[in-house]
Structures are given as C-alpha cells and as structure tokens.
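The residues making up each chain are set out below.
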Amino acid sequence: MNGIQGCPHIAALVGLGDLASGPLRKFQEVVAWEARRAQQAKTVGATRKKVSIPFCSTCKVPLPRPFVCLHCSYAGCWRSGHVSEHLQESQHIFCADVTTGSIFCSDCKDFIYHARVDELYRAAVVTEEEKQTRFQVAKKPRERFQSWVPTAHDVVALENAATIPCQRRRGLLNLGQTCFMNVVLQSFIHNPLLRNYFLGDKHNNRSCKIEEDCTCCEMDKLFTEIFSDEPTAFGPVTFLVTTWRKSTELAGYQQQDAHEFFISTLNNIHSSSRGSTNISCNCIVHSTFAGQLQSDVVCERCGNETSTVDPMLDISLELRGKPGEVAAGENTLTTCLKRYTQREKLGSKQYSCSKCGKSGQQEASKRMSIRKLPPVLSFQFKRFEHKGDKSVSRKIDTRVRFPAILDMAPFTTHVVKNAEKENSNGSMSAYPGPITMYEYDLFAVINHEGQINNGHYTNYARYEDEWYRFDDDKVTAASLGSVLASPAYMCFYVKRHLDYKPYTTPSYVLKRENEVAREKEIEREKELSSIKELEDALLATV
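These remarks concern the structure in this document. (Residues numbered from 1 in each chain as written. Predicted model: local features only at pLDDT ≥ 70, side-chain atom pairs only at ≥ 80, totals over all residues. Heavy atoms only, no water.)

## Focus on the pairing of strand β3 (residues 94–97)
- Burial along β3 is two-sided: the face carrying F94 and A96 and the face carrying C95 and D97 are both buried.
- In terms of strand pairing, strand β1 (residues 67–69) meets β3 through three bridges, oriented antiparallel. Paired with F67 across the two strands is D97, which belongs to β3.
- Where β3 lies against strand β4 (residues 102–105), four bridges are found, and the strand directions are antiparallel. Looking at β4, one finds that D97 is bridged to S102.
- Here β3 hands over to β4 after four residues, with G101 in that stretch at a positive phi of 80°. (Buried < 20%, exposed > 50% of the residue type's maximum accessible area, 1.4 Å probe, protein only. Helix = DSSP H or I, 4+ residues; strand = E, 2+ residues; numbered from the N terminus. Pairing = 2+ DSSP bridges.)

Here it is in structure tokens:
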C-alpha cells in the first residue's frame, strides 16, 4: 500500500482541503473539459473538424492525449518529455493525464494514487455527463448523482449483519458431464446485477412460498454457498435436479449445450420470480438481460417501411468459415454485429407489402438494429452447424476476436437510421447522449474446447480487474490477454453506466414497501380479531 498511496505531496495537498483554487481545482476543470471535448467529438456530426484540439505548448504538435500542468496553463506531450521538462524548469510538482485522470508527481518521479483524487475525477466526469444527457424521461433532466449515505436504520442493520467475503473464487464439481452447467453458473455468479440481487436478500429460499423446484431458491443457495467460508469446490446437485424437473429436454447425464442451458435457466428464474409477468416484466431476469430488437422492412417497389419490435435476452451471431477449419476467415465481434445489423435482401416470396397490395411480386430489404440496450449483453457465436434432423453436426473452429470494452452505439436503432439518412453527405451520426452510456465491459467468457461430440466447456470470469479461469473445480489466475485469445462460445458484457428513470423510486422498492404495509395491515386485522374474540368470550361468561 505504501507504493500506491505513499506520495506525501498529494497527501499534503488533499489535507489542505482547498477545492476552490489551486491544483485540485485545476484538476477538476481539465477533467471536465476533456469529458466535454470527448462528447463533442461524437455528437457534432459533420462539424467534427470544428472541435478544438489542444497543442503541445513546446513543439506545437496536436495532443490526442493531453498532459496538463496543474499549476499553470501549460499543456504538453508525454512521450517527447516536454511536460516533464516543464515541471523541472518551472519547479511545478503535478501534471495530469486528463483522459484517465492519472496524476504525475515530479518530486516522486512516478504516477501517484489517492482515493480523494479518484473521487474528484469521477465526480467531474459524471457531472459533465449529467449536463450532456439528452434522452430524458417526461422532459426532465438527468437526476444528479448522490453518494450513498447510510441511514440510522442502515447503520443498525450493518452492525447486526454477518460479515461475508466481498469476492469468492470457488470451483464447481462436475457431476457427470455437467461442465455446460458449471460455466453458465460461474457467469451468473460474476454477473454484478445478479450478485447484488441475491446477496441483497431479494429472494430468500427460507421464506419462499414455492414449495418445490424454485430456480430462484437454487440461485439463492448457490450464492450462499459461493460466498461462504468453505474453501473446497461446491457441487450444485439440487440445482441440477431442479433443472431436470423443470426442463426435461436437459435431463440426463449426456453433454448439453451451454447456450440452451443458459436460456432455459433464465426462463426458469423468470417463472419463479415474485411478481413475474408475460408483458413488461421487471423480474431480475428481464431487468438484467432484456432488451429490444427492431426489424425494419422496406418495400423496394413503393418504399413502404414496416417496423417490428421484439424482445431479446441475448444475441446469436453467425460466423464466417467452414465447419472443421481452424482458420477459415477473420471474425470479430464488431464485424459479426455489423453483419447482424446490415441490410439484407428478401426474396419476392418472403414479403407481402401492405401498402401497394402486391404480394409475391416485389422484393424487399430488411435490417435489424437494437432498439433498447439491456444492462447485460449476452452474445452467442454459432459455432455448431446442424443439418437435417441434427444427425449431421459440425463445429466451426475459426477464431473470434472480441474486445474488453465494447461500444454498442453504432448498432442501435437511432444511430443506424441516422447513418442511413446521412450517408449521402458523408457526415457522421450523432449519439443521443454521452458515449459512456453505450460502453460495455467484458466480465465473463464461455469457451468450448474440442469437437462437438467430445468437447469440454471452460470459462473465464472477472472480479473488478482480476481475471480467473474456471475448469469445473479447478480455479487459476489468468491474464486479460489469455481471455481475449480464448475460443469464445459466449461472451458477457455489463453496461458501464446503467439507465434508470429519473426522480422515481425503483419498482422493487415500492413493491417491498407495499408488502410491508400489507403485512402490517394483516397483523392489525389479526390483533383486532383476537381482541373481539376475547370480548365475546368475556360476554359469554357474563
């Protein structure tokens, strides 16, 4: 810790607490300026060249990644050493990388860290994003971010709560060709939204009213076991048995497809969630994975456009390459998404126009786009090719490249439609809000190794910045490079900034408050009933 937080100069500066002037004030200003500049570079469209670009004060070269002195107006380049020379010549101490918020101390001759400086950086960026958010609910601006401060009730609850590990890396036993289940469960365990839900006691298996085969109860038991003090691998026997009972197509000890188990388990969690509905459901599954796909079909004869919106829980992407070939072509997640959202021709027999009334005589084009992005994106690469009645199946072994940070803006309906309109003049499509609202971080990868009939599933999962490889009960540390080079079958990304309706109380909070009020009303009715029975008994004795 001394090597990370050991700079006495930044500690002394933070200790003064002067945020209205001095280096800390300058730090907040330049970070906010960079946040505004980055957003303008994406939203100005055809006027992109008018966005101001800083230049090095020494060599006058444009700075794609500016370093700014926190004591004066100097900005310089890092690689050429101009900013370091300025600090030495002017006897200034601190400069900042405005892109990442990192601070360099010339006296310590190193980049330094302080928790308070990190808080200032995040607050400055969030404040600018709040000002620039243009998609609003009921014409209200984005709600201001507020740090959580525990109430008196929270303090009492925390004092009486049992302390559990903040993270666990526990393997899962293979119960007989159940590696397909283990990798999906590990992706659930490392899913921050699912983890917060079940560790937050939103579903308690001891108080659940479903008598048997409740998948939510099995998820609650799973998180309880994973975050216990038990160091050995855990065998999810009851989870497997519950799956067999609710999804008979997955019953038995034969190898199953991980994606099929994933979809089946999501459906089972949904059906056993409290208050789940078939329309506009806000259960944990739909709150986490549910998005919307929009299909736009254009009649080539009359130009009539028909749009259809469908729900989605994940996205399945086609791979280029022939089955059995290891290097059958270049595939990346981005190119797969481009193919997924590009316009395709429909045959004359596939479309009937409702406007011109000519069926079977005109052609049409269809384009898919993502109308609503979910908090967690799940991608499946179609590696398994089945022909006929699945008696002939082959695997596509071609490598797929996927990023650690994914920008989904180019594949959304708003950007796709604007891009089609602006193609004629060559301008860029503007994003409706800060860039960070479309950014996703990779947190889990499921791999399939071997052939289709004798393969094995493993997975990688991330907690904060640490990656680990899970091979059933074996858990080993991993690097990001090994994760990105793995033969991915499924990838999971979590949204960097979650959307929410401003100035509204979450529905699960309202539901819990209503349940508490109802329980108090029932207790009151029971109490009044007992009093009346006692009064009747006394009158009967008289």
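## Considering helix α13 (residues 333–341)
- Within α13, burial applies to L333, C336, L337 and T341. Along the axis of α13, the buried residues cluster in a sector spanning 125°; they form a single face. (Arc of directions from axis to C-beta.)

## Considering the pattern of salt bridges
- Evaluated as defined, the whole model comprises 21 salt bridges.
- Between R36 and E128 there is a salt bridge, and its shortest N-O distance comes to 3.3 Å. Placement of R36 in helix α3 (residues 22–43) and of E128 in helix α5 (residues 115–132) is noted, with a sequence separation of 92 residues between them.
- What you see here is one network of salt bridges that share partners, running through D296, E305 and K417. (Salt bridge = Lys/Arg side-chain N within 4 Å of Asp/Glu carboxyl O.)

## A few points about the sheet that holds strand β7 (residues 305–312)
- Reading across the sheet, the four strands line up as β7-β6-β11-β10 and stay open at both edges, with antiparallel pairing between neighbours. A strand with exactly one partner marks an edge of an open sheet, and here the two such strands are β7 and β10 (344–346). Adjacent strand axes in the sheet meet at a mean angle of 30°, parallel and antiparallel pairs treated alike.
- In this sheet, strand β11 (residues 364–372) lies alongside strand β6 (residues 291–299) in antiparallel orientation, the contact comprising eight bridges. Bridge pairing in β11 places D296 opposite R367. (Axes fitted to C-alpha atoms, helices over the stretch in contact; angles between N-to-C directions.)

## Observations regarding the packing of helix α7 (residues 179–189) against helix α9 (residues 215–226)
- Look at α7 against α9: their axes get within 11 Å of each other, and the N-to-C directions meet at 75°. Comparing the axis directions of α7 and α9 gives the class roughly perpendicular. Contact residues: L185, F188 and I189 in α7; M219, L222, F223 and I226 in α9.
- Among the residues forming the contact of α7 with α9, the class breakdown is seven nonpolar, no polar and no charged. (Parallel < 35°, antiparallel > 145°, perpendicular 65-115°, else oblique. Contact = heavy atoms within 4.5 Å. Nonpolar A, V, L, I, M, F, W, Y, C, P; charged D, E, K, R; others polar.)

## What about the packing of α9 against helix α10 (residues 237–246)?
- Closest axis-to-axis distance for the α9/α10 pair is 10 Å, and the angle between their directions is 165°. In terms of their interaxial angle, α9 and α10 are classed as roughly antiparallel. In the crossing of α9 with α10, the sense of the turn from one axis to the other is left-handed. Judged by residue contacts, T215, E218 and M219 of α9 engage T238, F239, T242 and K246 from α10. (Left-handed = near helix turned anticlockwise from the far one by under 90°.)

## Here we look at the packing of aromatic side chains
- For the structure on display, the rule yields 17 aromatic pairs.
- Centre to centre, the rings of W78 and F111 are 5.2 Å apart; their planes meet at 50°, and the pair counts as tilted. With W78 in the loop between β2 (75–76) and α4 (82–90) and F111 in strand β5 (residues 110–112), this residue pair connects regions lying 33 residues apart in the sequence.
- Looking at F111, the relative accessible area reads 36%, which means it is partly exposed. (Phe/Tyr/Trp six-rings, centres within 6.5 Å; stacked < 30°, edge-to-face > 60°.)

## A word on the pairing of β7
- Relative to β7, β6 runs antiparallel, the two sharing eight bridges. Within β7, the residue paired with Q294 across the bridge is V309.

## Structural notes on the environment of I284
- With respect to the helices and strands, the residue I284 is situated in helix α12 (residues 284–289).
- Judged by relative accessible area, which is 9%, I284 ranks as buried.
- Separated by ten residues in the primary sequence, I284 and R274 place their C-alpha atoms 9.4 Å from one another.
- Setting aside its immediate chain neighbours within four residues, I284 contacts L193, L194, Y197, I269 and S273.

## Quick look at the nonpolar core
- Formed by 46 residues in total, the largest nonpolar core has its most connected members in F188, M219 and Y457.
- The set of elements that each furnish at least two residues to this core consists of α7, α8 (192–199), α9, α10, α11 (258–272), α12, β17 (439–449) and β21 (488–495).
- Take this core: its biggest share by element is eight residues, from α7.
- Apart from the residues lying within four places of it in its own chain, the contact partners of Y457 are C179, F180, V183, Q255, Q256, D257, A258, F384, I446, N447, H448 and Y489. (Core = buried A, V, L, I, M, F, W, Y, C linked by side-chain atoms within 4.5 Å.)

## Some thoughts on empty space enclosed by the protein
- Counted according to the given criterion, the structure contains two cavities of 30 Å³ or more.
- What lines the second largest cavity is E218, K221, L222, F234, P236, T238 and F239.
- Put simply, the parts of the chain that give the lining of the second largest cavity at least two residues each are α9 and α10.
- Here the element with the most residues in the lining of the second largest cavity is α9; it accounts for three residues.
- Considered class by class, the residues forming the lining of the second largest cavity number four nonpolar, one polar and two charged. (1 Å grid on protein atoms, 1.4 Å probe; cavity = no way out; pocket = protein on both sides within 12 Å on 5 of 7 lines; lining within 4 Å. Points joined across faces, edges and corners; volume = space filled by probe spheres on them.)

## Observations concerning the sheet that holds β4
- Spatially, the five strands line up as an open sheet ordered β2-β1-β3-β4-β5, and their pairing is antiparallel. Strands with a single pairing partner mark the edges of an open sheet, and in this sheet they are β2 and β5.
- Helix α2 (residues 8–16) rests against β3, β4 and β5 of the sheet, and its axis sits at about 90° to β3.

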